[in-house]
Amino acid sequence: MYSAKVMEHFQNPRNVGEIKDADGVGEIGNAVCGDIMKLYIKVKENRILDAKFKTFGCGAAIATSSMVTELVIGKTLEEAEKISRDTVAEALDGLPPIKMHCSNLAADALHKAIEDYRSKKRIKEQK
Amino acid sequence: MKKVYLDHNATTPVHPEVLEVMLPYFKEKFGNPSSIHGFGREAKVALEEARERVASLLGASSNEIFFTCGGTESDNLAVKGTAYANRKKGLHIITSKIEHHAILESCKFLEKEGFVITYLPVDSLGVVDPKELGKAIREDTTLVSIMYVNNEVGSIQLIEELSKITKEKEIYFHTDAVQAMGKIPINVKKLNNIDMLSMSGHKINGPKGVGAIFIRKGVRITPWSHGGHHERSRRAGTENVPGIVGFAKALELAVRDVEDQNKHLKELTEIFYRKLTEAIPDVILNGDLNQRVFNTLNLSFKGVEGESMILSLDLKGVAVASGSACTSGTLEPSHVLSAMWIAPEIAQGAIRFSFGRDNTMEDVEYVASILPEMVSRLRSMSPLYAKEK
Ligand SMILES: Cc1ncc(COP(=O)(O)O)c(C=O)c1O
Ligand code: FES
C-alpha cells in the first residue's frame, strides 16, 4: 500500500525527538483521524538550523513527519513556508488516496512552528 | 522470515479435510442441483446432505437451514427480511452499538425506509445489559438482533437471557453467530428462544463466500434476492455446492473440536498476555480476560497508534488487525471501542490479536519476543508517551 520511500522513512525516521530550547514549536491534531504531531524548530538568521518531531500516528504520519524535517533543515523561513502537503507527499513518491490527509499533519505542524517562532520573536522585539 | 498469522477473526485458512471434500464438486460432480439429470441429482444429494449435517450440528431441522453467500448476506436477510415481513405489526427494531457493519448498515438502510432503530449501549467490557433491552422494547418492536460474539474484542453476549426477554414479548430474536461458531457450543434446541442465527464459512476454516442462516419454522421473513425457487424461495440463486459442502465439513470439525480448541487457545492467549504485560509497561486490555472467546485479545499499548504497530509487525511477518478488517479503510476509531467508552487515543492504538487452531506456543514466543522493542521504538517517537516512564 505504501511506497518504498514511505516504508523506509517509517522504519528509519530522521530527526525524531525534541529540541529543549526550540525557537518555534508546532503541535497539531489531525481533525480527520485524531493523530498528533509535535514539531520543534531551531532558527538562526531567518534559517531553520534544526528540526525534530514527535508523532502519534499511522505509518504515513511518521514518514511525512520525518520527511518534513529533512525538507526544512537549511531552508529559509520563506522557503519553508512554501512547503505544502503535496510537496511532502511527492517527496515520498506519493501516498495512497485515503492517506493524503496524513500529510496535512506534517505541513500544518511546520506552518504552526514557523508562526510560533514569529510571534515569539515579535514579543521579544516589543520588549 | 518467520510468518505468524494472528488475524483469524478476519479470516482463516481452509482446513485440508475441508478442501478435500470440496474438490470433487468443482470437477466431476459439477452439476446444478436444480437439474433433473444425473449430474444435477448428484449435486442435489450433496447439497441436502450438507444441509442435514449443518442442521444436526446445530440442533435444528434441515428445513430451517438456508445457505447464503456468507455472514453478511445472512445478516441482511435476517434484519431486512423480518423488518419487511412484519412491518404491519410495527416498525421498531432493536440492535446494539457494537454489531458488525452487515447489521448496522442494514439498520441504517431501514432507517431511511422509515423504520425506527434503537442501538443498545454496552458496558466497558463490551457486553449488552439485558435490562437495557427490557427498557428499549416498545409496542411496535418486531425484531431484536444482538451478536453472539463481538469480532473486535471477543466479548460474549448474554444470548440466553436476551432471547428470553424477546420470547415473552413475542418479538423475533436474531443473533449474528459468525464469531461464535467453533468457539462456543451452540444448540438452537436448547437456545429455543433464538429465531434466527447467522453463520459464515471462512471464520471456521471453511471457504469464503459461503455461509448459512438458521430460520426457525414459522418465522415470517421476506426474501431479498428474487429468482428461482432455490432455498425454499428464501434465497434465489444457484447454490454454491462446493462451498456448501466445505462449509458443512468445516462446521463439523469446528463443533467436534470446540473443547480442545478452547483449551489450546486459552492457554496460548493467556501466556501471550502474561508475557506482554511482564515485558511492556502500560498495556491495556480492551475487553475482559475471562468474558471473551479465548482466541481474541484486543490490546492497546499506551502512546502507540495502531497502524504503525500493524506495519511494524507486518515487517516481521506477523499479521494482526486494528478493529475489524472491513473498517480498516476508514479513519474513525472503532465504533465498538467507542461504545465501550474507551478513550479515543487508546482506541486508536487498539490491536486485535486473533489466534487460530494452527497457532503454536512458538508463535506466541516469537511475537512476544519482538513486541517490546517495537513498542518502545514507537513510544520514543510519540508525543503522548513520556520518556521518563
Ligand atoms: C460478526 C461478524 N458478522 C458478519 C461478518 C461477515 O461475514 P462474511 O465475511 O461471511 O460476509 C463477519 C466477518 O467479518 C463478522 O465478524
Ligand atoms: S491516519 Fe492519521 S495521520 Fe494518517
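Residues numbered from 1 in each chain as written. Chains lettered and ligands numbered in written order. Predicted model: local features only at pLDDT ≥ 70, side-chain atom pairs only at ≥ 80, totals over all residues. Heavy atoms only, no water.

Residue and element names in this part refer to chain B. Around ligand 1 sit 13 residues in total, of which Thr72, Asp176, Gln179, Ser200 and Lys203 are the nearest. In this structure, a nitrogen atom belonging to ligand 1 sits 2.6 Å away from a side-chain N or O atom of aspartate 176. Here ligand 1, which alone exposes 390 Å², has 88% of that area covered by the protein. Examining the composition of the shell around ligand 1, we find that three residues originate from one element, helix H3 (residues 71-85), more than from any other. Looking at side-chain class alone, the shell around ligand 1 contains two nonpolar, eight polar and three charged residues. (Near = heavy atom within 4 Å. Polar contact = N/O pair within 3.5 Å; in protein donor to acceptor, adjacent residues only side chain to side chain. Areas by Shrake-Rupley, 256 points an atom, 1.4 Å probe, with all protein chains shown as cover. Helix = DSSP H or I, 4+ residues; strand = E, 2+ residues; numbered from the N terminus. Nonpolar A, V, L, I, M, F, W, Y, C, P; charged D, E, K, R; others polar.)

This paragraph deals with the domain arrangement of chain B. The extent of an interface is frequently quoted as the accessible surface area lost upon association of the parts. All names here are of chain B. In terms of domain boundaries, chain B breaks down into domain 1 (4-11 + 258-388) and domain 2 (16-253). Between domain 1 and domain 2, the C-alpha centre-to-centre distance is 29 Å. Both faces considered, domain 1 and domain 2 share a buried interface measuring about 2400 Å² in area, 55% of it formed by carbon and sulfur atoms. In terms of surface lost to domain 2, no three residues of domain 1 exceed Val293, His335 and Met340, which account for 22% of the buried area on that side. Linking domain 1 to domain 2 there are zero salt bridges. At the junction of domain 1 and domain 2, the tally comes to 12 residue pairs in polar contact (both at pLDDT 80 or more). Contributing elements (two or more residues each) for the side of domain 1 that touches domain 2: helix H8 (258-279), strand E10 (296-301) and helix H10 (335-339). Per element, the largest residue contribution to the side of domain 1 that touches domain 2 is four residues, and it comes from H10. Across the side of domain 1 that touches domain 2, the residue classes tally to nine nonpolar, 14 polar and four charged. (Domains from an automatic or database assignment. Buried area = accessible area lost by both parts, 1.4 Å probe. Salt bridge = Lys/Arg side-chain N within 4 Å of Asp/Glu carboxyl O.)

Here we take up the packing of helix H1 (residues 4-11) of chain A against helix H2 (residues 59-72) of chain A. Residues and elements named next belong to chain A. At a minimum axis distance of 8 Å, the contact between H1 and H2 shows a crossing angle of 85°. Put simply, H1 runs roughly perpendicular to H2. For the pair H1 and H2, contact is made by Lys5, Val6, His9 and Phe10 and by Gly59, Ile62, Ala63, Ser66, Met67 and Glu70, respectively. When grouped by side-chain class, the residues that make up the contact of H1 with H2 number five nonpolar, three polar and two charged. (Axes fitted to C-alpha atoms, helices over the stretch in contact; angles between N-to-C directions. Parallel < 35°, antiparallel > 145°, perpendicular 65-115°, else oblique. Contact = heavy atoms within 4.5 Å.)

It is worth spelling out a nonpolar patch on the surface at this point. A surface patch of nonpolar side chains, amounting to about 340 Å² of accessible area, comprises Val14, Leu19, Leu23 and Phe26 of chain B. In this structure, phenylalanine 26 of chain B sits in the loop between helix H1 (16-22) and helix H2 (38-58). (Patch = residues over 30% accessible without salt bridge, like charges linked within 9 Å, V, L, I, M, F, W, Y side chains within 5 Å.)

Turning next to helix H6 (residues 159-168) of chain B. All names here are of chain B. Those residues of H6 lying buried are Ile159, Leu162, Ser163, Ile165 and Thr166. Buried residues of H6 fall within an arc of 150° about the axis and therefore sit on the same side. Across from the buried face of H6, at angles greater than 90 degrees, the exposed residues are Glu160, Lys164 and Glu168. Lining the buried residues of H6 we find helix H5 (130-136), strand E5 (141-145) and strand E6 (172-176). With its phi angle positive at about 60°, glutamate 170 sits one or two positions after the end of H6. (Buried < 20%, exposed > 50% of the residue type's maximum accessible area, 1.4 Å probe, protein only. Arc of directions from axis to C-beta.)

Next up on the list: the side chain of lysine 80 of chain B. Residues and elements named next belong to chain B. Its location among the elements puts lysine 80 in helix H3. Within the buried set, lysine 80 has no salt-bridge partner at all; the shortest N-O distance to an opposite charge, 9.6 Å, is to glutamate 113. Side chain to side chain, lysine 80 and asparagine 76 meet in a polar contact 2.8 Å long. Here lysine 80 is in contact with Ser106, Phe109, Leu110 and Trp224, once residues within four sequence places are set aside. (Lys, Arg positive; Asp, Glu negative; His and termini not counted.)

Enumeration over the complete set of coordinates arrives at 29 salt bridges over all chains. In this structure, lysine 121 of chain A and glutamate 125 of chain A form a salt bridge, with 3.8 Å as the shortest nitrogen-oxygen distance. With lysine 121 of chain A and glutamate 125 of chain A both in helix H5 (residues 100-126) and four residues apart, this pair spans about one turn of that helix. For glutamate 125 of chain A, a relative accessible area of 56% puts it in the exposed group. A salt bridge links glutamate 252 of chain B to arginine 53 of chain B; the nearest nitrogen and oxygen atoms lie 2.8 Å apart. Linking glutamate 252 of chain B in helix H7 (residues 241-256) with arginine 53 of chain B in helix H2, this pair joins segments that are 199 residues apart in sequence.

We now examine the interface of chain A and chain B. Between chain A and chain B, the contact holds 24 residues from the first and 20 residues from the second. Looking only at chain A, the three residues that lose the most surface to chain B are Phe10, Lys54 and Phe56 of chain A, adding up to 36% of its buried area. Listed by contribution, the elements that provide at least two residues to the side of chain A that touches chain B are H1, strand E2 (36-44), strand E3 (47-56) and H2 of chain A. Of the residues assigned to the side of chain A that touches chain B, the class counts are 14 nonpolar, six polar and four charged.

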